[in-house]
Amino acid sequence: QVQLVESGGGLVQAGGSLRLSCAASGRSVSTYVMGWFRQAPGKEREFVAAISSWSSSNTKYADSVKGRFTISRDNAKNTVYLQMNSLKPEDTAVYYCAARRSTWLGYRLGDFDSWGQGTQVTVSS
């Protein structure tokens, strides 16, 4: 399996921006579908965004972040990013990076088999 390490989380005011990074190691993730999930206190982990292994323009977003968040990947750096703009207090959560070697653009927890440890994002009102 591939190892994933997230970074870039922090405290930001509502309306602000953050960019999360997910650095992969162990093997190239160029053939992996990559995703971002988040989990707020007392809630289940939920899908945020995913990007295809075969086309960076093939992406999927949760309705709650569509138009505000952008997922991208740099296969040369073995890294995936989540640009988060217009942040809201309800975006506060631990954000997790996920991966699976697949051509299927999944969005469910079971569609991914490698997970990072998460990075905290806190949005103050």
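Residues numbered from 1 in each chain as written. Predicted model: local features only at pLDDT ≥ 70, side-chain atom pairs only at ≥ 80, totals over all residues. Heavy atoms only, no water.

Draft legend 1. Fine view of the nonpolar core. By size, the foremost hydrophobic cluster in this structure holds 36 residues, and its most contacted members are Met34, Trp36, Leu82, Met84 and Tyr95. Mapped by element, the contributors of at least two residues to this core are β3 (18–25), β4 (32–39), β5 (46–51), β7 (69–74), β8 (79–84), β9 (93–101) and β11 (119–124). Aside from chain neighbours lying at most four places away, what touches Tyr95 is Glu6, Leu20, Trp36, Phe37, Arg38, Val48, Phe69, Leu82, Met84, Gly118, Thr119 and Val121. (Core = buried A, V, L, I, M, F, W, Y, C linked by side-chain atoms within 4.5 Å. Buried < 20%, exposed > 50% of the residue type's maximum accessible area, 1.4 Å probe, protein only. Helix = DSSP H or I, 4+ residues; strand = E, 2+ residues; numbered from the N terminus. Contact = heavy atoms within 4.5 Å.)

Draft legend 2. Structural detail: the sheet that holds strand β1 (residues 3–7). Spatial strand order, β1-β3-β8-β7: four strands in an open sheet with antiparallel pairing. Of all strands in the sheet, those bounded by a partner on one side alone are β1 and β7. Mean inter-strand twist for the sheet, computed between neighbouring axes without regard to direction, equals 15°. Of the pairings in the sheet, the one linking β3 to β8 comprises six bridges and is antiparallel in character. If you follow Leu18 over to β8, its bridge partner there is Met84. (Pairing = 2+ DSSP bridges. Axes fitted to C-alpha atoms, helices over the stretch in contact; angles between N-to-C directions.)

Draft legend 3. Inspection of the side chain of Asn78 at higher detail. For Asn78, the position within the fold is in the loop between β7 and β8. The buried category is assigned to Asn78, whose relative accessible area is 12%. Of the polar contacts made by the side chain of Asn78, one reaches the backbone nitrogen of Val29; its length is 2.9 Å. In contact with Asn78, other than residues within four places in its own chain, are Cys22, Ala23, Ala24, Ser25, Arg27, Ser28 and Val29. (Polar contact = N/O pair within 3.5 Å; in protein donor to acceptor, adjacent residues only side chain to side chain.)

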